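# Observations on the model geometry
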Amino acid sequence: MKPLFFAAFFGIVIGLSGCATSYKAQGMKGGFSDTPLAKNTYAVNFQGNGYTSASKTRDFALLRAAEIMQNNNYPYFIVLQGDTSTIAKNVEWSQTQQNTLINSYSGVTRINTSTSAPVTSVVSKHDTQVVVKGFNLPNVPQNALSTQQIISSIKAKYKIDD
């Protein structure tokens, strides 16, 4: 029974691993949102679901910030503030299996039901917020990030098409 249970558990985990929040505007399953704070300053948030890693939420918040800067003609930007928060919840679940046997000669129906012991898993949701400020040449700070380089590298890393 245990090998079957663990095989089912890992099958579910592998099957759901593709369910991480994709790079898109905020929706029910997470995504990005942004707020202009000043002419060249924006607050950007990326909220992941339980299948999205903290590093991915940071990358996607940075990608969104770079896209905003590019759309507003700022080839460089700096991160003024940045934070990733995590909410962890315990989720308990069990597996129930039911087998039905019908004997067509005697008309007897036999139902066997088995339930595995409950398993508790920790599900963590990550949320990254950054505040960024855009710059044009020649007034670019030394620690500024290249808008185009950030967009190219993060899109390549996650295989995001334009």
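Report on the accompanying structure. (Residues numbered from 1 in each chain as written. Predicted model: local features only at pLDDT ≥ 70, side-chain atom pairs only at ≥ 80, totals over all residues. Heavy atoms only, no water.)

The subject of this paragraph is helix H3 (residues 147-158). Taking 1.5 Å per residue as the helical rise, H3 with its 12 residues ought to reach 16 Å, and the 17 Å between its terminal C-alpha atoms agrees with that figure. Those residues of H3 lying buried are Thr 147, Ile 150, Ile 151, Ile 154 and Lys 155. Buried residues of H3, viewed axially, fall in a sector of 115°; they line one side. Looking at H3, the residues exposed on the side facing more than 90 degrees away from the buried face are Gln 149, Ala 156 and Lys 157. Buried residues along H3 sit against helix H2 (54-71), strand S3 (76-93) and strand S7 (145-146). (Helix = DSSP H or I, 4+ residues; strand = E, 2+ residues; numbered from the N terminus. Expected span 1.5 Å × (residues − 1). Buried < 20%, exposed > 50% of the residue type's maximum accessible area, 1.4 Å probe, protein only. Arc of directions from axis to C-beta. Contact = heavy atoms within 4.5 Å.)

For the rest of this paragraph, the subject is H2. The end-to-end C-alpha separation of H2 is 26 Å, in line with the 26 Å expected for 18 residues at 1.5 Å each. With respect to burial, H2 is a largely interior element, 13 of its 18 residues being buried. In the stretch just after H2, Asn 73 is the one whose phi turns positive, near 60°.

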